[in-house]
Amino acid sequence: YVERALLALCGPKATVRQRGLAAGNPFKTDNGNVILDVAGLEVADPLALEAEIESIVGVVASGLFARRRADVVLLGGAAGVRELWPGASPDWDSHLG
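Attention in this report is confined to the structure presented alongside it. The shown structure was predicted, so the numbers you read here are calculated from the model rather than taken from an experiment. (Residues numbered from 1 in each chain as written. Predicted model: local features only at pLDDT ≥ 70, side-chain atom pairs only at ≥ 80, totals over all residues. Heavy atoms only, no water.)

What about the pairing of strand β4 (residues 80-84)?
- Direction of pairing for strand β3 (residues 73-77) relative to β4: antiparallel, over a ladder of five bridges. By the bridge assignment, Gly-76 is partnered in β4 with Val-81.
- Hairpin connection of β3 to β4: two residues between the antiparallel strands. (Pairing = 2+ DSSP bridges. Helix = DSSP H or I, 4+ residues; strand = E, 2+ residues; numbered from the N terminus.)

Right under this line is the structure:
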């Protein structure tokens, strides 16, 4: 049910996370939940999308974290890890919207 609802909401960008390379072997959390990954989705209103996804019966969490924003952002790159802190990093809002 959840997969169909997310496909209706997000289109074909929602896929069941697989264990290993072979299809048909879904990854399950320690609580036995299946994870649906959505990639490449443009999110115009993260708060509304998070609320809509989490209102689907059977969804445990969305992973958007729009209502509870990050305390720190860690950006990894070729030069190492960069920390962004609210109020202390000039480009904080450009990474968190």
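A closer look at the nonpolar core
- Leu-6, Cys-10, Ala-14, Leu-49, Ile-53, Ile-56 and Val-59 together form the largest nonpolar core, which totals seven residues.
- For this core, the elements supplying multiple residues, two or more each, are α1 (2-10) and α2 (46-54).
- Here Ile-56 is in contact with Tyr-1, Val-2, Ala-5 and Leu-6, once residues within four sequence places are set aside. (Core = buried A, V, L, I, M, F, W, Y, C linked by side-chain atoms within 4.5 Å. Buried < 20%, exposed > 50% of the residue type's maximum accessible area, 1.4 Å probe, protein only. Contact = heavy atoms within 4.5 Å.)

Quick look at α2
- Those residues of α2 that fall on the buried side of the exposure criterion are Leu-49, Glu-50 and Ile-53. Viewed end-on, α2 has its buried residues packed into an arc of 100°, placing them on one side of the element.
- Where the residues of α2 are buried, they touch α1. (Arc of directions from axis to C-beta.)

Observations regarding the side chain of Glu-50
- Relative to the helices and strands, Glu-50 resides in helix α2.
- Exposure remark for Glu-50: the relative accessible area of 4% places this residue in the buried category.

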